[in-house]
Structures are given as structure tokens and as C-alpha cells.
Amino acid sequence: MSTTSSPKHPTRKKIVLLGLVLLLTALAGWQAWQLRMPEQSISVLTREGVLQRIQHLNNLETVAFHVETVVTSTKQGNWYRLWQDQQRGLFIASGRVVAGLNLNRLTTDQVQVSADGRRIHIELPPVEMLSISLDKTEIYDLNTGLMGLMKIDPALLTQAQQAARQQIGHTACQSGVLKIANDNAQKQVQALFALTQAEVSVTAAAVPNCPSQ
């Protein structure tokens, strides 16, 4: 359905946009209330994450993926210590990816209002992964040198967590988190106007590509 936007009514478009932002922000708040030495190189390996479950959210954070992955982090030893200071850790990390709409990217140009104000067309901005968080990181196996007497290098865990967060985001994206978020966003914004007298159509943006790992 084609709609037109009269240049004589910029205020109406701003009012519609403001109303949309307020409605979505209120919905987001309601959902949030409901859910209560010399430097040495450290090499990190991750295994493909396992998607644990998909949780649909009725707010701007339109979908959440829960992922578990395995990370191996290794610090090379020094020759003058006969490489007995080498450290290696095997970690199991679980995390959460939330995807949805960023309201700051919604502009008046994406809201078209007919001259009589009865028809509104909204073009949504592209969805994105809003947050990638680690719920927990467990040590499955740890080797800190000869007889395990060396103190663990904090960088071993830090870099393992960084790699795990990246792997979790990659797994969720490859599993379709952005497509689901895109579909949910279109349905939820459309539903916000179900009780109004206006005829509203919502067009979702193209699903973004997953970033390279």
C-alpha cells in the first residue's frame, strides 16, 4: 500500500514518531520490570557454540539467545624455564545475546503520514545485536606448569572470556538471531497500533549480515 507524506505536516510526523518512541520505551520498561612479565602471547581456541534455547521477549529486545561454548586458552612458556611455566586452561562459558531495535536510529524520514492522518507507514531501522553478555565462565581443566605450582596468569582467563563472548555472538548470529529479531520487531510495532483508528503498515529493514569472526 503506498502512502504519501505531505510536506505541510512535519509536526504530525514528529508527533507520530514521538508517540511511537514513547510506546516502545514504555513497553521496554515494563518488560525490564518483569524480568528481574615480558609480554608473552596467549593463544585462544574456541569450539563452535551450542545454542541452548531461544527466548522471545515482548519488548524492543525482541529475542534472546542463550549459548554455551568451550574455550581453550594457552600461554607459552619461557625457554630459560625449560617451558615449565607454560599455562593452559579449558573453560566452559555460557552467555546471552539480545537482539532487537535501537530506537535512536528511528527518524522522522521513516514515518510517512497521509494528509488526513488516517494512514501511517513506518519503515523500521535494521535490527542489531543489542548486547552480548557472559553469564558464567567455569574452569573445566587447568594446567599451570610443573606440578601446577605456578600462579595462574589473570590474562589467561581474561582472553578466554573475550574469545567466548565473540564466539557466543557469532553462534547466535549464525543461528538466525537477527532474522527472528527482525520478524518480531515488525509484528510488535504493528501490534502497538492495533487499537488505534489509524491504518498502520510497518516495513522491516533487510536483515543485516553476520560480522566476520
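Scroll up for the structure.
This text gives an overview of the structure that appears in the document. Note that this is a predicted model, so its numbers are computed, not measured.

The next thing to look at is the overall build of the chain. The secondary structure content of the chain amounts to three helices and eight strands. Start at the N end of the chain and walk to the C end: the helices and strands fall as α-β-β-β-β-β-β-β-α-α-β. Among the 213 residues that make up the chain, the fraction classed as buried is 37%. Put simply, the chain shows about 12500 Å² of open surface, and 54% of that area lies on carbon and sulfur atoms.

A few words on the side chain of Q110. Note that Q110 resides in the loop between strand 4 (87–100) and strand 5 (111–113). Contacts of Q110, omitting those with residues within four sequence positions, involve R105, H121, I122, E123, L124 and P125.

The subject of this paragraph is the pairing of strand 3 (residues 63–75). Both faces of the sheet carry side chains from a regular strand, because those side chains alternate between them. Burial within strand 3 is extensive, with 11 of its 13 residues counted as buried. Sheet topology note: the strand 3/strand 4 ladder contains 13 bridges and is antiparallel. By the bridge assignment for strand 4, V70 is matched with I92.

Our next topic: helix 2 (residues 154–174). When the terminal C-alpha atoms of helix 2 are compared, their 31 Å separation across 21 residues agrees well with the 30 Å that a helix rising 1.5 Å per residue should span. Every buried residue of helix 2 is listed here: L156, A160, A163, A164, Q167, I168, G169, H170, T171, A172 and C173. Phi turns positive, to about 100 degrees, at G176, one or two residues after helix 2.

With that settled, the discussion passes to the state of the cysteines. Put plainly, a disulfide is one covalent bond tying together the sulfur atoms of two cysteines. Inspection of the entire model under this criterion finds one disulfide. The disulfide partner of C173 is C210, and the gap between their sulfur atoms is 2.0 Å. Its S-S torsion of about -105 degrees marks the bond between C173 and C210 as left-handed, since a negative value means left-handed. Of the two residues, C173 sits in helix 2 while C210 sits in the segment after strand 8 (199–203), which places them 37 residues apart along the sequence.

Let's shift gears to the pattern of salt bridges. Within this structure, the stated rule accounts for four salt bridges. For R119, the salt bridge is made with D116, and the minimal N-O distance between the two is 4.0 Å. Where K136 meets E138, a salt bridge forms, and the shortest distance between an N and an O atom there is 3.5 Å. Classification of E138 by relative accessible area gives partly exposed; the value is 41%.

The next subject is the side chain of H121. On the secondary structure map, H121 appears in strand 6 (residues 119–123). Classification of H121 by relative accessible area gives buried; the value is 12%. One polar contact links H121 to S201, side chain to side chain, over a distance of 2.6 Å.

With mixed pairing, the three strands of this open sheet are ordered in space as 5-6-8. Because the sheet does not close on itself, it has two edges, and the strands there are strand 5 and strand 8. Sheet twist, expressed as the mean angle between neighbouring strand axes with direction ignored, is 15 degrees. Of the strand pairs in this sheet, strand 5 and strand 6 are connected by three bridges, and their pairing is antiparallel. Counted as the bridge partner of V113 is I120 from strand 6. Across the sheet, helix 3 (residues 177–192) is in contact with strand 6 and strand 8; its angle to strand 8 comes to roughly 165 degrees.

As a further point, take the environment of D135. Position of D135 among the secondary structure elements: in strand 7 (residues 128–143). Sequence separation between D135 and V67 is 68 residues; the distance between their C-alpha atoms is 9.8 Å. Setting aside residues no more than four positions away along its own chain, D135 makes contact with H66, S94, G95 and R96.

What counts as what
Residues numbered from 1 in each chain as written. Predicted model: local features only at pLDDT ≥ 70, side-chain atom pairs only at ≥ 80, totals over all residues. Heavy atoms only, no water. Helix = DSSP H or I, 4+ residues; strand = E, 2+ residues; numbered from the N terminus. Buried < 20%, exposed > 50% of the residue type's maximum accessible area, 1.4 Å probe, protein only. Areas by Shrake-Rupley, 256 points an atom, 1.4 Å probe, with all protein chains shown as cover. Contact = heavy atoms within 4.5 Å. Pairing = 2+ DSSP bridges. Expected span 1.5 Å × (residues − 1). Disulfide = S-S within 2.5 Å. Salt bridge = Lys/Arg side-chain N within 4 Å of Asp/Glu carboxyl O. Polar contact = N/O pair within 3.5 Å; in protein donor to acceptor, adjacent residues only side chain to side chain. Axes fitted to C-alpha atoms, helices over the stretch in contact; angles between N-to-C directions.

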